[in-house]
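Structure assessment
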Amino acid sequence: MPAVYNWQIGRSMGYPHEERHPRWQFAFVFNTNRCIGCQTCTMACKSTWTFSKGQELMWWNNVESKPYGGYPQHWDAKLLAMLDEANPGKQAWDASQNEPEQRPYGVFEGMTIFDAAEQKPRPDGMQQALGYLPTDDEWRSPNIHEDTPTSDRVAQEGQFGGSTELPEHKVWCFYLARICNHCTYPACLACCPRNAIYKRPEDGVVLIDQSRCRGYRKCVEGCPYKKAMYRPTTRTSEKCVACFPRLEGKDPSISPTGAPAETRCMSACVGKIRLQGLVEIDEDGTWAKDPKNPLYYLIRERKIALPLYPQFGTEPNGFYIPPRWVPRGYLTQMFGPGVEHAIEQYSCPDRELLAVLQLFRANRQIVFRFEIERGPKIGEIEVTMPDETTRTQELFNDTVIGFNKLGEEVVRVTVEEPTFERPAESHVNSI
Ligand code: SF4
Ligand code: SF4
């Protein structure tokens, strides 16, 4: 297999295709601390793309209750177990070897799904990535175990032992919203024997060419996130298309000047947990330095948002601000060794970070650049940090301003949410 560089695991790895990179990459940040599990994003996607026959159980966007929920059921636990079986006890990180650009989370010393497949080739020679095909039953209940928490007793006895005292909760669950990660090294693409899957050079979006697909389901088997899905009525596989017409600025009601807009699931998010955008990629695959791009700022500068299961090796472009109340062992397995740092940043954000966090769901056009106008100090609050010390957070009413791809100002938000009182005499329904 050719060697490619994966910055999320901090090392080169084998991948079935030569290293090539798009000019821009679709990416997103989800703040799990804010998700309320309302499934508005899920329905926004379904009513746009997957409402037809044969797509009944197809949820390109889903929100699952962790730790027990999963769509398909147990997708991550199953693959983690398979990887551990392939490389017993050695699926570990060396976080000490971190370096900001090339390996911000250190080095993953275990096996990716590509390494594991290469080490144990299947007799039919058809597997490029370690994976499995979920059963029909596993796809049937997209929101199984909704709101089912786990407790400190389970955590102490199980693999994720350790403290679940405050500031982590004794009983916990959290909502994990998921879409296709439009990975840098997509396993779905690597596994397709028909070369029907491609990654667009202009935005890194991964698509399935329906005219080439023959429904062998190798992508379903190979995608570690199980975000390629089979449609029995057409006998082809389908997946999230990143609402590419919106990315291209083709919706005149949202993008009158043709500037890129965020996807449906992002725009619809009630909890304001989602921020989506495009990051510029250098020829060698590194992210072009752009600290005024909100995604670059949150992911690369502040490292507050982390990739989902980076150890799988596909270099996913979906990033998560981890939930503060969940035992760290569980989170570290899910998001890698950057968890402590990310939670510390989020627990007591400085004024710049707090301003940038206001951009979540403030506007439907993609923000390519932000600026901050400083405002007056408006208060102080005491914050409990992850190590249970307290810190004083100063609050300033700064204004964050977002600009679209054309450099037009598209949003302006203050840290303090303005309130408006309606004059009672002019509204008959005022109380
Ligand atoms: S998440 Fe899965 S379907 Fe999406 S690009 Fe990555 S490997 Fe392919
Ligand atoms: S719409 Fe937003 S808050 Fe609601 S479930 Fe989806 S991601 Fe979570």
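What you are looking at is a predicted structure, and each value in this text was computed from that prediction instead of being measured.

A count of helices and strands for the protein gives 13 helices and 21 strands. Relative to the 2.2 N^0.38 estimate, which gives 22 Å for 431 residues, the radius of gyration of the protein is 22 Å and therefore close to what a compact globule would have. On the principal axes, the C-alpha backbone points of the protein span a range of 75 × 50 × 45 Å. Put simply, of all contacts in the protein between residues at least 6 apart along the chain, 66% involve residues at least 24 apart. Carbon and sulfur atoms form 51% of the exposed surface of the protein, whose accessible area is close to 18900 Å². Here the protein holds 50 positive side-chain charges and 56 negative ones, and the gap between their average locations is 7 Å.

Moving on: helix 12 (residues 339-347). Listed in full, the buried residues belonging to helix 12 are Val-339, Ala-342, Ile-343, Gln-345, Tyr-346 and Ser-347. Among the structural elements, strand 3 (24-31), strand 15 (306-307), strand 16 (318-321), helix 11 (328-335), helix 13 (351-357) and strand 18 (377-384) are those in contact with the buried residues of helix 12.

Here the focus is the pairing of strand 21 (residues 409-414). Both faces of the sheet carry side chains from a regular strand, because those side chains alternate between them. Note: strand 20 (residues 399-403) against strand 21, five bridges, orientation antiparallel. Residue Val-400 lies in a different strand from strand 21, and its bridge partner there is Val-413. Here strand 20 folds back onto strand 21 in antiparallel fashion, the turn holding five residues, of which Gly-407 has a positive phi close to 85 degrees.

This part covers the confidence of the model for the protein. Confidence in the prediction of the protein, expressed as mean pLDDT, is 93, and 94% of residues score 70 or more. Counting interchain partners and residues more than four positions distant, the pLDDT-below-50 stretch residues 161-165 has eleven contacts.

Okay, the pairing of strand 1 (residues 3-6) next. By the alternation rule, side chains of strand 1 split into Val-4 and Asn-6, which are all buried, and Ala-3 and Tyr-5, of which none is buried. Where strand 1 lies against strand 2 (residues 11-14), four bridges are found, and the strand directions are antiparallel. Counterpart to Asn-6 in the pairing with strand 2 is Arg-11. Remark: four residues form the turn of the hairpin made by strand 1 and strand 2, two consecutive strands paired antiparallel; Gly-10 in that turn has positive phi of roughly 70 degrees.

A few words now on the sheet that holds strand 21. The sheet built from three strands is open, its strands ordered 17-20-21 with antiparallel pairing. Taken across any chain shown, the strands that pair with only one partner, and hence form the sheet edges, are strand 17 (369-373) and strand 21. Averaged over neighbouring strand pairs, the angle between their axes works out to 20 degrees when direction is ignored.

Taking 1.5 Å of rise per residue, twelve residues should cover 16 Å, and helix 2 (residues 75-86) covers 17 Å from first to last C-alpha, within 8% of that figure. Among the residues of helix 2, Trp-75, Asp-76, Leu-79, Leu-80, Leu-83 and Ala-86 are the ones counted as buried. All buried residues of helix 2 project into a common sector of 120 degrees when viewed along the axis, lining one side. For helix 2, the secondary structure elements touched by its buried residues are strand 4 (62-66), helix 3 (113-119), strand 9 (174-178) and helix 11.

Once that is clear, we can look at the packing of aromatic side chains. The final tally for this structure, using the stated rule, is 22 aromatic pairs. Seen in terms of ring centroids, Trp-75 and Tyr-225 are 6.1 Å apart; in terms of plane orientation they differ by 50 degrees. Their pairing is tilted. Taken as a pair, Trp-75 in helix 2 and Tyr-225 in the loop between helix 7 (218-222) and strand 12 (228-231) lie far apart in primary sequence, 150 residues in all. Comparing Trp-75 with Tyr-225, the two get one shared label, buried.

Turning next to the side chain of Thr-236. On the secondary structure map, Thr-236 appears in strand 13 (residues 236-239). You can call Thr-236 buried: its relative accessible area is 6%. For Thr-236, the side chain forms a polar contact with the side chain of Gln-210, separated by 2.8 Å. Here the side chain of Thr-236 touches Thr-234 through a polar contact of 2.8 Å, side chain to side chain. Ignoring sequence-local partners within four residues, the contact set of Thr-236 consists of Gln-210, Cys-213, Gly-215, Met-229, Tyr-230 and Arg-231.

Tallied over the entire structure, the rule returns 25 salt bridges. As a salt-bridge pair, Asp-203 and Arg-200 come within 2.6 Å of each other at their nearest N and O atoms. For the pair shown, Asp-203 and Arg-200 are each scored as buried. Note that Arg-302 and Asp-350 form a salt bridge whose closest N and O atoms lie 2.6 Å from each other. On the criterion of sequence distance, the pair formed by Arg-302 in the loop between helix 10 (294-301) and strand 15 and Asp-350 in the loop between helix 12 and helix 13 is long-range, its members being 48 residues apart. By relative accessible area, Asp-350 is classed as partly exposed at 35%. One network of salt bridges, with partners in common, ties together Arg-200, Glu-202, Asp-203, Glu-248 and Lys-250.

The rules behind each value
Residues numbered from 1 in each chain as written. Chains lettered and ligands numbered in written order. Predicted model: local features only at pLDDT ≥ 70, side-chain atom pairs only at ≥ 80, totals over all residues. Heavy atoms only, no water. Helix = DSSP H or I, 4+ residues; strand = E, 2+ residues; numbered from the N terminus. Rg over C-alpha atoms; globule rule 2.2 N^0.38 Å. Contact = heavy atoms within 4.5 Å. Areas by Shrake-Rupley, 256 points an atom, 1.4 Å probe, with all protein chains shown as cover. Lys, Arg positive; Asp, Glu negative; His and termini not counted. Charge placed at Lys NZ, Arg CZ, Asp CG, Glu CD. Buried < 20%, exposed > 50% of the residue type's maximum accessible area, 1.4 Å probe, protein only. Pairing = 2+ DSSP bridges. pLDDT = per-residue confidence, 0-100. Axes fitted to C-alpha atoms, helices over the stretch in contact; angles between N-to-C directions. Expected span 1.5 Å × (residues − 1). Arc of directions from axis to C-beta. Phe/Tyr/Trp six-rings, centres within 6.5 Å; stacked < 30°, edge-to-face > 60°. Polar contact = N/O pair within 3.5 Å; in protein donor to acceptor, adjacent residues only side chain to side chain. Salt bridge = Lys/Arg side-chain N within 4 Å of Asp/Glu carboxyl O.

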